Amino acid sequence: MTGRIRNRELRSRIVEAEEAAQLIRPGDNVGMSGFTGAGYPKEVPGALAKRVQKAHEAGDPIKFGLWTGASTAPELDGALAEVDGIDLRLPYQSDPVTRAKINDGSLGYTDIHLSHVAQRVWQGFFGKLDVAVVEVSGITEDGALIPSASVGNNKTWLEQADRVILEVNSWQSEQLEGLHDVYYGTALPPHRMPIPITHPADRIGSPYFHCPADKIVAVVETDSPDRNSPFTAPDETSARIAGHILDFLGTEVESGRLPRNLLPLQSGVGNIANAVLAGLDSGPFESLTAYTEVMQDGMLQLLDSGRLEFVSATAFSLSSSALDRFNRNLGDYRDRILLRPQEISNHPEVVRRLGCLAMNGVIEADIYGNVNSTHVMGSRIQNGIGGSGDFARNAYVSIFMTPSQAKNGAISTIVPMVSHVDHTEHDVDVIVTEQGLADLRGLPPRARARKIIETCAHPDFRPALRDYVERAAHASYGGHTPHLLDEALSWHQRYVREGSMRAG
Ligand code: 0RQ
């Protein structure tokens, strides 16, 4: 295993996870690797959680600031949240224990655009980064760090932290070496320069992280798998949503607004996203590219079939079977994939230049096209905004997709007014449900409302939405975007009170 650590000096710093965790001081801000379950440290977080637990039992509660790339895994987020070891968490998370603690008010959470995290940290808004705990897949003879299955914010953590703990995970494929592109050209204004990416495959940085050896205080050897994203075959609802999107893309090509091989795809995670990608595999489009955050099963399938020429992302988010296939054959994929830091994979400048086609999920959308991606009933966080805002505002076409109902039909995902806004009507081009696809581009608010209700809302909820819009048109304070302010959130109130948005 020490074969993964080719640098002599760093080999001498190998310790057990428990010893490494002792190097993190109470109150430290800790930047950990990890993005959608890929490339997170596997052992130090658990050792830290044990230490926190002991301290709590001894009447000496300790906490840490926990910053990552995005969501991680139960061994990291779950373990530290369980023992109340997290003081402030950022940015995206999807762990059930963490979510529960955030929603009971005992865990602070700051939800920011994923491309903004590095800049906010450089600017010092969250305080000093004390320690970085970063998984790598190896260390070269001269001490360069070979990134793991995600890049995320690791470049920033390694630069900003006073002390660095590395986990070298021999479970990760050795073939990862050379696959990454770590851009070191970022600077804060007024020194910021254009990011020279004009195609998803452009390499502009180094395949390695560079970190002064004297900052590396411990190296821990691990041999553990990443968390897999469970994959279920697309259900009928996802397949119908995918069908509407594929028809829409076909029409865009016919009208000359999109080239025959489309534009670089950005796709969120989850079943609907995978269904769209599966649909693309049997559709008419060839020579596709992706400039996205995560490479999920559907993209691997498209690489296998040859439909997808290149994927630029910041992390893998694969199911166990896809991961096996991927790791076994990584050599075959290496020339068609690269992973970048998340401030570059999600950079608005690049997203706008390339003209990405953004496809993301929503919690709910309103009749005017505002989108809530993060909060259930306006107050309970689900995951976080992730990269959806980085892409939505800057995409060539910004598509938001959702089943028309949630919680077995108790909730309409199309509501009079969203209970929380992540993406304003100005950033939302298309809303699609299994019922249909509403292309909102060019439409003023009242026409948007008609289109969204008649195309996207579930038929059971359409009469109530029509009724709301009609009464609002007569009684609203203003006629441009008519609303009945004392009723706009009544659907949510009814759900909170009665467990259903359905009247009567
Ligand atoms: O709840 O898990 O208890 O069953 O929300 O919903 O339908 O499984 O859909 O997994 O695609 O998630 C917006 C959360 C959708 C996701 C969101 C409940 C529903 C279920 C999950 P259960 P589904 P998905 C790239 C882009 C923000 C970040 C982003 C997300 C659970 O897409 O986090 O886009 N997006 N990143 O029952 C109450 C509603 C609801 C609702 C759904 N209206 N009211 N509950 N649910 N709609 C990735 C990254 O950035 C890393």
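In the nomenclature of an unreviewed UniProt entry, the chain corresponds to Acetyl-CoA hydrolase/transferase family protein from the organism Prauserella oleivorans.

Describing the overall build of the chain
Helix and strand counts for the chain come out as 18 helices and 25 strands. Each principal axis of the C-alpha atoms in the chain carries an extent, and together these give about 75 × 55 × 45 Å. Counting over 504 residues, the chain shows a buried share of 59%. Carbon and sulfur atoms make up 48% of the accessible area of the chain, which totals about 19500 Å². Separation of charge centres in the chain, based on 47 positive and 63 negative side chains, amounts to 3 Å.

Re the pattern of salt bridges
Opposite charge on two side chains allows them to pair when their charged atoms are near. Under the counting rule described, the total for this entry stands at 26 salt bridges. Note that Lys 155 is salt-bridged to Glu 343, the shortest N-O span being 3.9 Å. Taken together, the residues span a long stretch of sequence, with Lys 155 in helix α7 (residues 154-160) and Glu 343 in helix α13 (residues 342-345) at a distance of 188 residues. Taken individually, Lys 155 and Glu 343 each receive the classification buried, so the pair is uniform in this respect. One connected set of salt bridges, linked through shared partners, spans Glu 252, Arg 257, Asp 439 and Arg 441.

Quick word on the UniProt feature "domain: Acetyl-CoA hydrolase/transferase C-terminal" (unreviewed entry) in the chain
Here, UniProt's "domain: Acetyl-CoA hydrolase/transferase C-terminal" (unreviewed entry) annotation points to residues 332-468. Split by type, residues 332-468 is 26% helix and 26% strand. Its first and last C-alpha atoms lie 56 Å apart.

Observations regarding the UniProt feature "domain: Acetyl-CoA hydrolase/transferase N-terminal" (unreviewed entry) in the chain
In the numbering used here, UniProt assigns the feature "domain: Acetyl-CoA hydrolase/transferase N-terminal" (unreviewed entry) to residues 9-221. In the segment residues 9-221, helix accounts for 24% and strand for 19%; the C-alpha atoms at its two ends are 15 Å apart.

Focus on the side chain of Asp 77
Looking at where Asp 77 falls in the secondary structure, it is placed in helix α4 (residues 74-82). A distance of 2.6 Å separates a polar atom in the side chain of Asp 77 from a polar atom in the side chain of Arg 89. Ignoring sequence-local partners within four residues, the contact set of Asp 77 consists of Leu 66, Thr 72, Ile 86, Arg 89, Asp 95 and Thr 98.

About the cut-offs
Residues numbered from 1 in each chain as written. Predicted model: local features only at pLDDT ≥ 70, side-chain atom pairs only at ≥ 80, totals over all residues. Heavy atoms only, no water. Helix = DSSP H or I, 4+ residues; strand = E, 2+ residues; numbered from the N terminus. Buried < 20%, exposed > 50% of the residue type's maximum accessible area, 1.4 Å probe, protein only. Areas by Shrake-Rupley, 256 points an atom, 1.4 Å probe, with all protein chains shown as cover. Lys, Arg positive; Asp, Glu negative; His and termini not counted. Charge placed at Lys NZ, Arg CZ, Asp CG, Glu CD. Salt bridge = Lys/Arg side-chain N within 4 Å of Asp/Glu carboxyl O. UniProt positions renumbered as here; feature names shortened; annotations may be inferred. Polar contact = N/O pair within 3.5 Å; in protein donor to acceptor, adjacent residues only side chain to side chain. Contact = heavy atoms within 4.5 Å.

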